[in-house]
Amino acid sequence: MKTQNLGYPRIGSQRELKKICETYWAEKTGYRNVLQVGKNIRQENWKTQKEAGIDLIPSNDFSFYDHVLDHSLAFGAIPKRYNEVMLKKGNSELDLYFAMARGYQKDGLDVVAMEMTKWFDTNYHYIVPEFYKDQTFKLFSTKIIDEFYEAREQGILTKPVIIGPVSYLLLGKEKESGFDRIDLIKELLPVYTDILSRLVALDVEYVQFDEPFLTLDLNPKEKAAYEYAYREIRKTFPHLKIMMATYFEGVTQNLSLVNSLPVNVLHVDLVRDEKQLDALLSGIDDKTILSLGLVDGRNIWKNDFEKSLEKIVLAVNKIGSDRVWIAPSCSLIHCPVDLDNETDEEHLTTAVKQWMAYAKQKIGEVATLKKLITKEDPTSTQKRLTENKISINERHTSTLIHNPEVKNRVRNLSANDAQRLNPFPSRKVAQEALKLPRFPTTTIGSFPQTPEVRSWRARYKKGSINGNEYTRLIADETAKAVKWQEEIGLDVLVHGEFERNDMVEYFGEQLDGFAFSKNGWVQSYGSRCVKPPIIYGDVSRQKPMTVKWTSYAQSLTNKHMKGMLTGPVTILQWSFVRNDQPRSETCTQIALAIRDEVCDLENAGIKIIQIDEPAIREGLPLRKAEWQTYLYWAVEAFRISASGVKDETQIHTHMCYSEFNDIIENIADMDADVITIETSRSQMELLDAFADFKYPNEIGPGVYDIHSPRVPKREEMVSLLNKAKAVVPSEQLWVNPDCGLKTRGWDETKKALIEMVEAAKEMRKSD
Ligand code: GLN
Ligand code: ZN
């Protein structure tokens, strides 16, 4: 029996990677220093895993920006537009690499970055490989081999992690028509052969091929590519030990394909799909080793040893202990580095902390699980098992987590609670009392979070200004924003969200059941890290969260002030969620808290309330078969949050750039009176789904892109609105930007919104 790890966080325990990269990009340090920091992080990671007792430690899991980009560089899949960057004197391989990741603007060269997208259903973003018709591959960067060698010099025979050839191709995109990227497999394989030969020459034993696509729905061509690729690799390397890593879903539906692949070890994610174990134990061929992914690589909770041991014993009894390995469910890059760095009591109470485990603790768990089976070091491991039982038990019964009132409320929900009093047509009549013009204008919520505004919050947190001063500063900023919106003639105003750090954190901080870490950083993309809130217990709201600021803003104007809330699905999606109950249940609890807030806003005289749900689409399960279950409870949660109000109260929702075609029915089912969506970058094409569906409620298709400082011209917006009007009746249309304006400066914001208001006026004239 072996233990293995699939990947360790590479940001460094103090986010060293972020710091050195950003210093390098600001040209304040040389590239040798960057390489050195990378080396230190790798060395530290290998040492940590060795000391923890992991048998197979990964290499090539480190990356300066993104591991998919590393592979594109390794395989020479470098788009031609970077040729000049590559050839420019003084530029290193690292400069080329960062140019691909971030674009390059220097000395008259101006090359755009490669596209970035979400890594499966995680919040990690990877750089999408670009493929062209005449695509060729050749070994370019030798990172995979170098890092194996580097570790070997330090006395550790690592298991290099390589994205498997089929998954690598599927992760990419054809940048021109006329070919299918999966057909590039024949071109690509020789580079794998090249890399593997070099590794074999250095006495590599195991190689980890990451093939997460094996857990998804595959078409016949993709299946054939799998068979071809691994048969070829096996032919060339009859003795190489292949560890095939699958994760994020189960492999049961592809079991016959998986069985046909000549691999030595199959790793499966038993956190996401524990049911697959039975199918695998009876269905796997009689030689393959099964690596049980038992320790959750996507969350921050302690492993339940008893439950894991049950599974290990089951596997051992069925296929023998020499064919069972123990591992985390997936790479640990999706969880923070080291819980021991959480020393700040204020941030994370000891009670919650003792239920948690970060990457370093998780590999410790993997090692302990093995020792518990092999009965190595029995006194200390038995003690750990006992401690684990106590901690798990405490979590089951803790009053910090379990709030009977909340559970009762969820239990007593009825269909009516997820239903507005009357259908939209009647509400539309009731909402005429709002006296809004045709093409009403509004914004999505936030106004510029200037360095100044952020500095007030930082000073307040540090204690260098007191609560009263902070409140006064925010109040003044809000008043200025309200006055200015009135002046330029917007119809529905917002308070500007100046008091909010982040749209999820702001609510989490005020809700029971949430905790915040101080060092729980996880890589989101490149040097950007996020620190998700931790939902550990039943969620409830003690008192109103936004009423004070919204009412204050409303008191400054006779126009409508739009209340601004984050929806339950988005709060769920952007947090670490408790794993002791279904996500749907946690989501319903959040929905009830938001519902109370919506009702309180209504009682305070707020007539228009927006509940943002930008994350609803990204919560979609990886496999289509599971979509409807998710969409059912997600839409239901939104409806619960929105349905406590009178017909006259207008509920808005907002969603960022996403494809709506395949879920338009569900979006309509949310039944918001108004939905604002991001459409300008697609020239209103994204609106087609709404038009084809004959979406019945009101829609605000974004008329300009807020992601760039560029000020849109009035005619552009008019032309976009005319496009919209051609497909959606004008009495259904609103006029607004694509998204919130918090990342913009005031100057461009003012200019753009003045033009937008004028564009709406022009539309009214011709209507
Ligand atoms: N109300 C939020 C804002 O304007 C919405 C942000 C979002 O969609 N991500 O900032
Ligand atoms: Zn948005």
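Note that this is a predicted model, so its numbers are computed, not measured.

Description of the UniProt feature "binding site: L-homocysteine" (unreviewed entry) in the protein
According to UniProt, the "binding site: L-homocysteine" (unreviewed entry) feature falls on Ile444, Gly445, Ser446, Glu497 and Asp612. For this annotated set, covering 169 residues, all C-alpha atoms fall within 13.0 Å of each other, a compact arrangement in space. Its place among the elements puts Gly445 in the loop between helix H17 (424-430) and helix H18 (451-462). Ignoring any residue separated from it by four or fewer positions in sequence, one finds Gly445 in contact with Val494, Glu497, Met564, Gln610 and Gly740. Position of Asp612 among the secondary structure elements: in strand E22 (residues 608-612). Its 25 C-beta neighbours within 10 Å are what place Asp612 among the buried residues. Setting aside anything within four residues of it in sequence, one finds Asp612 in contact with Met503, Leu565, Thr566, Gly567, Thr570, Thr653 and His654.

Considerations on the environment of Tyr552
Topologically, Tyr552 is positioned in helix H21 (residues 547-555). Overall, Tyr552 belongs to the partly exposed group, with 17 C-beta atoms counted inside 10 Å. Here the alpha-carbon distance between Tyr552 and Leu189, two residues 363 residues apart in the chain, equals 64 Å.

Side note on the UniProt feature "binding site: Zn(2+)" (unreviewed entry) in the protein
As recorded in UniProt, the sites labelled "binding site: Zn(2+)" (unreviewed entry) are His654, Cys656, Glu678 and Cys739. Maximum C-alpha separation among the annotated residues is 8.5 Å over a sequence range of 86 residues, consistent with a single clustered spot. By the secondary structure assignment, Cys656 is in the loop between strand E23 (650-655) and helix H25 (664-670). Here Cys656 falls in the partly exposed class, since 19 other C-beta atoms lie within 10 Å of it. Among residues more than four places away in sequence, those in contact with Cys656 are Pro614, Glu678 and Cys739. With respect to the element layout, Glu678 can be found in the loop between strand E24 (674-677) and helix H26 (688-693).

Overview of the site of ligand 1
Surveying the vicinity of ligand 1 reveals 13 residues, the closest of which are Ile444, Gly445, Ser446, Pro614 and Gly740. Grouping the constituent residues of the shell around ligand 1 by class yields 6 nonpolar, 4 polar and 3 charged.

With respect to the nonpolar core
Counting 207 residues, the largest nonpolar core has Tyr97, Met100, Met244, Leu290, Leu292 and Met756 as the members making the most contacts within it. Ranked by residues supplied to this core, first place goes to helix H23 (residues 583-603) with 8 residues. Not counting chain neighbours up to four residues away, the residues in contact with Met244 comprise Phe209, Glu211, Leu261, Val263, Val265, Leu266 and His267.

Criteria and thresholds
- Residues numbered from 1 in each chain as written.
- Chains lettered and ligands numbered in written order.
- Predicted model: local features only at pLDDT ≥ 70, side-chain atom pairs only at ≥ 80, totals over all residues.
- UniProt positions renumbered as here; feature names shortened; annotations may be inferred.
- Helix = DSSP H or I, 4+ residues; strand = E, 2+ residues; numbered from the N terminus.
- Contact = placed C-beta atoms within 7 Å.
- Buried ≥ 20, exposed ≤ 12 C-beta atoms within 10 Å, placed from the backbone.
- Near = placed C-beta within 6 Å.
- Nonpolar A, V, L, I, M, F, W, Y, C, P; charged D, E, K, R; others polar.
- Core = buried A, V, L, I, M, F, W, Y, C linked by C-beta atoms within 7 Å.

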